[in-house]
Amino acid sequence: MALSIRQQIFDAIKARFETILRSNGYDSDLGSHIFPWKLTSISSEDELPALRFRDNTAERTAHVGKSTIHRVQYEIEVLERSDVTADEIRSLLRDVVKAIGTDVTFGGLAADAEFSEDNFIIDIANRIIASGQMTMTVIYRAGEYDE
Amino acid sequence: MSDADTVKSIITNVKTILTTGGYQLEDNGIGSDKQLLTACAVAIEYVGESYEDSYGQNASFGELILNLIFTFNGVDPSTRRTNIADHIHFVRDGITVEALNVGDLALTKLVSAVRTDTVEASYERPFAEVTYQIKIRYREDDTYGD
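Every chain begins its residue count from 1, and numbering advances along the sequence as written. Naming scheme: in the order in which they are written, chains are lettered from A and ligands are numbered from 1. Two thresholds apply to this predicted model, a pLDDT of at least 70 for residue-level local features and 80 or more for giving and counting side-chain atom pairs, whereas whole-chain, interface and lining totals are computed over all residues. Computation of side-chain values covers all heavy atoms of the structure but excludes hydrogens and water.

A few points about the packing of aromatic side chains
- A pair of aromatic rings is counted whenever rings of Phe, Tyr or Trp (Trp by its six-membered ring) have centres within 6.5 Å, and the orientation is called stacked for planes under 30 degrees apart, edge-to-face for over 60 and tilted otherwise. Using the criterion set out here, one finds five aromatic pairs over all chains in the structure.
- When the centroid spacing of 5.3 Å and the interplanar angle of 80° are considered together, the rings of Phe17(A) and Phe53(A) count as edge-to-face. Of this pair, Phe17(A) sits in helix α1 (residues 5-17) while Phe53(A) sits in strand β2 (residues 50-62); the two residues are 36 residues apart in sequence, bridging distant segments of the chain. For the pair formed by Phe17(A) and Phe53(A), the shared burial category is buried.
- Taken together, the ring pairs connect Phe10(A), Phe17(A), Phe53(A) and Tyr74(A) into an aromatic cluster.
- One residue, Lys38(A), lies across the ring of Phe35(A), its end atom 5.5 Å from the ring centre.
- Charge-over-ring placement is defined geometrically: NZ (Lys) or CZ (Arg) within 6 Å of the ring centre, and within 35 degrees of the ring normal. The ring of Tyr123(B) carries the charged tip of Arg80(B) above its face, separated from the ring centre by 3.9 Å. Counting from the N terminus, the helices are the DSSP runs of H or I reaching at least four residues and the strands are the DSSP runs of E reaching at least two. Burial status follows relative accessibility: with a 1.4 Å probe on protein chains alone, a residue under 20% of its type maximum counts as buried, one over 50% as exposed, and anything between as partly exposed.

Concerning the environment of Ile121(A)
- As for its placement among the helices and strands, Ile121(A) is situated in strand β4 (residues 112-121).
- For the pair formed by Ile121(A) and Ala110(A), sequence separation is 11 residues and the distance between their alpha carbons is 31 Å.

So, the sheet that holds β2(A)
Residue and element names in this part refer to chain A.
- Across the sheet, five strands lie side by side as β1-β2-β3-β5-β4; this open sheet has mixed pairing. Edge strands, defined here as strands with exactly one partner in the open sheet, are β1 (34-36) and β4. Taking the axes of each pair of neighbouring strands and ignoring which way they run, one obtains an average angle of 20° across the sheet.
- Strands pair, by our definition, only if DSSP identifies at least two bridges between them. Here 15 bridges tie strand β3 (residues 67-81) to strand β5 (residues 129-143), and the two strands are oriented antiparallel to one another. Among the inter-strand pairings, Ile-69 is bridged to a residue of β5, identified as Arg-141.
- Against the sheet, α1 touches β1, β2, β3 and β5, its axis set at about 150° to β2. Geometry is summarised by axes, namely lines fitted to C-alpha atoms with helices restricted to the contacting stretch, and by angles between N-to-C directions that run from 0 to 180 degrees. Contacts were defined at the residue level, with two residues in contact if any of their heavy atoms lie within 4.5 Å.

This is the structure we're talking about:
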């Protein structure tokens, strides 16, 4: 069974995030711990820094002719120990943006990817993990009644 | 040839011109370059028709109004501009009286004029769109009104 475009893009995003390694010119090794759709907490500090992402919402617009424009929104969360500085969280967020920016079409699967807002939390009492969240929208075109 | 058949033949010839020019007709589905990274999709919308009054022995004429809607990936601003120019002038140069009087219209040559009313380009990231309104004048069936 052929995978939907949405599934192929999801898989491509995961593969892209896995390239975030110092050996590839990034500022972190975030790519070592990628967790698609992991909603539970990180179990150990050994799994940090980590990245969780999920395709929460999607919007479809019928286009002229026989195509549909899809806008799938991804929530991306980078996680680090709570004693890190804001600079380090910013650096992780930058690595995420840089990785996506290497090819926003994911090899021709998508038309574009764009980031909107982000926010982060560090150094909160009784929290063992600091985090930064960002929202990315991937836009792609598919056939009528196709994903 | 009935006027409906004339109009259908004109549309067939417009489709042939666009397909030969390398455009992905939306009628045929989404095409291989789904994200329109290098290809351009085109939809043909039938906007309407208008008719001229005929006087005495003069033939009567109708004008078919079509919107040709081109869609392509326009994220890069410089290629967006050049692509817009290419698509607009492809229509202006390619959809002519001579090019339309072929196929079922080759003998009767019912198309007598092609004119452009409006051409508009727009961009909502990531897709750029050009809407080219073309008006194609054709000679109506002589038996009309008899």
